[in-house]
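So you can see what is in the structure, the chains are spelled out below.
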Amino acid sequence: MTNATGIAMAPVSTSPLARLRFALLGSVAALVIAACGGGAQTVENPVTNVAPPASYQGPPPATADIQSFKLNLWDNIQMGNRCGGCHNEQTGQLPLFARHDDVNLAYEAANTVANLGQPSDSRLVLKVGGGHNCWLTDSNACADIMTTWIENWAGSAGTGGRQIVLQPPPLLDPGSSKSYANATVGNFATLVHEPILLEYCAGCHSSSAPTSQQPYFAEGDANVAFEAAKSKMDLDDPASSRFVIRLGNEFHNCWDVGCAQAAGEMEAAILAFANTVPLTEVDPDLVISKALRLVDGTIASGGNRYENSQIALWEFKTGSGTVAFDTSGVEPAIDLNFFGEVAWFGGWGVTIGGGKLQGSTAASKKLYDMILATGEYSIEAWVIPANVTQEMARIVSYSAGDDARNFTLQQTLYNYEFRHRSTETSLNGDPQLSTPDADEVLQATLQHVVATYSPVEGRKIYVNGVLVTQLDPVAPGSMADWQDTFALVFGNEVSSDGLFQGTIRLAAIHNRALTPEQVVQNFDVGVGEKFFLLFSISDVIGVADSYILFEVAQFDTYGYLFAEPRFITLGSAPAVEGVPLEGMYIGVNGAESPVGQSYGNLIATLSSSAFGEMGQALSALGAVLPLEKGPQDDEFFLSFDRLGDQTHVRVGDPSLVVIESDILPRAQRIGVRTFDEINATMAAVTGVDPETPAVDMTFQNLRQSLPAIENPQAFLSSHQVAIAQLAIEYCNALVDGPQAASFFGGFNFGLAPSVAYAGTARNQVIDPLIDRFVGVGIQDQPDFVDIRDELGYFATDGVRPDNLIDRLLVSADNPDTRAIAKAACASVLGSAAMLVQ
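Residues numbered from 1 in each chain as written. Predicted model: local features only at pLDDT ≥ 70, side-chain atom pairs only at ≥ 80, totals over all residues. Heavy atoms only, no water.

J.: Explain the pairing of strand β26 (residues 546-556) to me, using residue names and the numbers behind them.
T.: The buried fraction of β26 amounts to ten of the eleven residues, a majority that puts the element mostly inside the structure. Pairing between strand β25 (residues 530-536) and β26: seven bridges, direction antiparallel. Bridge assignment links Ser536 to a residue of β26, and that residue is Tyr547. Connecting β26 to the antiparallel partner strand β27 (residues 559-569) that follows it, the hairpin turn spans two residues. (Buried < 20%, exposed > 50% of the residue type's maximum accessible area, 1.4 Å probe, protein only. Helix = DSSP H or I, 4+ residues; strand = E, 2+ residues; numbered from the N terminus. Pairing = 2+ DSSP bridges.)

J.: So what's going on with the packing of helix α18 (residues 763-773) against helix α21 (residues 817-829)? Which residues, and what values?
T.: As a packed pair, α18 and α21 sit with axes 10 Å apart at the nearest point and diverge in direction by 25°. The orientation of α18 relative to α21 falls into the category roughly parallel. For the crossing formed where α18 meets α21, the hand is right-handed. Seen from α18, the contacting residues are Val765, Leu769 and Phe773; seen from α21, they are Ala821, Ala824, Cys825, Val828 and Leu829. A breakdown of the residues in the contact of α18 with α21 according to their chemical character gives eight nonpolar, no polar and no charged. (Axes fitted to C-alpha atoms, helices over the stretch in contact; angles between N-to-C directions. Parallel < 35°, antiparallel > 145°, perpendicular 65-115°, else oblique. Left-handed = near helix turned anticlockwise from the far one by under 90°. Contact = heavy atoms within 4.5 Å. Nonpolar A, V, L, I, M, F, W, Y, C, P; charged D, E, K, R; others polar.)

J.: Give a detailed account of the state of the cysteines, specifying residues and quantitative values.
T.: Summed over the entire model, instances satisfying the criterion amount to three disulfides. Here Cys134 pairs with Cys142 through a disulfide, and the sulfurs are 2.0 Å apart. Handedness here is read from the sign of the S-S torsion; for Cys134 and Cys142, about 80°, the answer is right-handed. Shown here is the disulfide that connects Cys731 with Cys825, its sulfur atoms set 1.9 Å apart. An S-S torsion of about -75° defines the bridge between Cys731 and Cys825 as left-handed. One end of the pair, Cys731, is in helix α15 (residues 717-736); the other, Cys825, is in helix α21, with 94 residues separating them in the sequence. In this pair, the class of Cys731 matches that of Cys825, namely buried. Counting only the cysteines that take part in disulfides, in the order they occur along the protein, gives the pairing 1-2, 3-4, 5-6. The cysteine Cys204 is free of any disulfide, with Cys201 supplying the nearest cysteine sulfur at 8.7 Å. Classification of Cys204 by relative accessible area gives partly exposed; the value is 29%. (Disulfide = S-S within 2.5 Å.)

Written as structure tokens, this is what we have:
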């Protein structure tokens with residue numbers, strides 16, 4: 001196999017990026033990712049058990065492809081509550097792809113609105129994705145399901161299944177932008193937070209609300225609210241802000257002036273705030289690529305997954321509401337409702353703190369019907385366990401309660417466990433299959449877990465593509481004792497007494513036992529919302545269709561992950577030889593990011609002769625950058641110290657330069673605490689139990705946003721935001737809890753703030769915060785006097801002007817005594833005094 005320039009291509013590797021192959025799409029140059037037909041061998045189609053519509057009495061399908069169309073697409077869309085309500089021979093709405101009289105004629109019409117080469121680009125998908133007759137509350141879920149139905153039809157037609165096509169992006173120069181890096185919390189609080197969000201939104205979007213809903217942009221603490229509100233405001237076009245659209249177009253929670261005026265007031269508030277933010281202009285001296293937003297790239301998620309036997313799939317893409325949709329396309333869909341403490345995880349996923357996700361027993365019966373039809377199955381999940389201390393914690397369970405189940409995948413300490421009901425086990429699936437205790441396979445990090453059962457080989461558990469269990473000690477038996485009245489539940493037991501705390505990024509059920517090759521194939525694909533971004537450098541090096549390719553993901557709610565940059569050319573672009581590249585940096589919203597610059601010391605020579613299957617690899621490093629406006633609005637570009645014959649000399653910009661070796665010995669003596677160390681430290685110094693529900697839920701939500709390594713050079717602004725939020729939650733628990741009286745030495749929280757913090761009384765709050773959180777007389781800690789004076793310590797000569805407590809006392813009409821103590825607590829607890837070690 002060769003690319004468009006005739007260069008031989010290497011065999012497909014297991015790297016996600018290495019599954020790209022060069023191809024032409026019509027007359028347009030494109031890159032194609034190898035689809036389900038590549039990788040592990042695929043032989044079976046799903047056993048759907050969905051009977052053909054009883055109403056169809058027309059001519060039989062004339063060809064095998066028409067039969068495939070009928071089984072995979074027509075049977076799913078011909079109902080009256082879907083396309084069949086209009087696009088039929090009786091109503092006459094063209095095209096008649098859901099007509100009931102002749103499936104052969106419906107097939108002809110469907111070929112005008114379905115793209116078998118790229119199902120996601122089908123007119124059918126674009127229509128339902130735009131909200132046209134979507135049968136769910138989420139049009140994106142309808143689009144995913146419609147795509148799957150067309151993919152199944154296309155796969156049977158021999159087109160190779162799911163594909164991802166990369167086409168050349170639009171060529172746009174990086175634009176000037178207003179960045180939150182130049183905004184102040186004070187202006188946000190004065191112009192948006194206090195007059196609008198606190199006034200009208202705090203009834204729901206606050207952690208203290210009776211029915212609290214995330215994001216908490218109406219939190220009393222303006223710092224927390226600001227972080228949550230950033231993605232809802234468009235500083236460059238306030239009228240396009242999500243806040244404004246939610247009121248004006250979707251009529252959500254409009255106050256007494258009516259939705260149109262409420263939207264106008266919101267827009268005016270955001271505009272006033274935006275006017276306080278200076279415009280960031282792109283430095284004209286930089287050597288730069290063209291610009292892209294994340295959503296301008298091609299979705300890379302799910303490509304090459306083995307899905308031939310998949311009967312249920314949850315990718316958790318919706319990101320709002322209280323339903324996680326089954327987008328497998330296999331009816332009936334097992335949509336999962338949220339109960340209790342369940343929150344959406346940025347970049348696709350759900351975090352379970354004290355609740356569960358559960359489907360109906362009627363929809364869950366699909367598992368009984370379709371698994372018993374084959375006699376085998378697999379449970380697949382990408383999970384992040386919250387800790388390694390929970391026991392009998394149900395991750396995925398098809399059960400009736402604590403004593404009866406068909407199957408369960410669960411956690412006990414460092415082990416994954418698989419319980420399966422058969423004629424050789426109890427009605428509760430015992431004895432269970434467990435990963436070996438000594439191996440400590442389960443860790444509190446992102447892991448791919450697959451549990452399989454077959455009547456020949458029994459039960460197996462794979463973690464990150466590796467078989468981790470020995471031979472099943474129990475004979476396989478049969479599933480004759482399974483029950484069809486159980487419900488599928490994630491993160492708990494149906495009876496709510498098997499709580500799993502952690503995050504689920506993806507889950508799937510297959511009615512076949514996946515082979516080891518298929519497990520590896522799905523592990524290699526990865527998980528989450530990922531994009532391929534093609535940054536054009538054609539105008540810099542003078543060669544058309546030349547790009548730097550990145551795989552980019554929304555890493556979590558607060559950051560992006562850039563990975564594996566490569567140089568590629570598309571189509572019939574001329575060969576490139578000997579083009580120097582030195583120092584590559586990632587820019588966001590008009591300026592180079594001050595953090596996450598992993599490629600500052602990159603030196604390469606761009607050359608077509610160095611192309612492998614995926615072009616020329618430039619680096620194996622990744623880079624994490626903070627999320628500013630959100631994936632819809634953040635605009636990225638690349639800059640270079642040298643690219644071709646253009647250069648940029650950096651002067652006085654040490655934040656973007658990798659540390660030189662002569663200062664490494666000093667850096668090695670300093671580190672930052674990692675996520676579990678931060679949580680344990682905050683618990684120890686405050687005396688708050690880390691398992692306190694509100695604290696633990698916050699930690700699980702923020703876990704991936706906290707530092708993962710001790711290197712201070714890898715510390716990001718998004719890390720500090722997460723630390724501040726966790727500190728606030730610990731301080732909430734401390735000040736509102738029973739230990740407050742002893743911790744603060746009898747400070748009277750019942751008094752009005754002006755009285756409670758008068759004179760030396762305030763020192764009863766400040767002294768224990770410094771003693772417990774910072775320490776006194778420690779050589780490398782901040783100066784005691786500096787900290788206490790900044791907080792507002794009352795000494796013999798009074799207090800330092802403009803201190804924290806005095807600012808809080810005058811910051812609101814009715815300041816709260818406890819809230820002031822929480823703010824002082826969080827400012828010390830979330831500081832470098834706790835973080836640096």
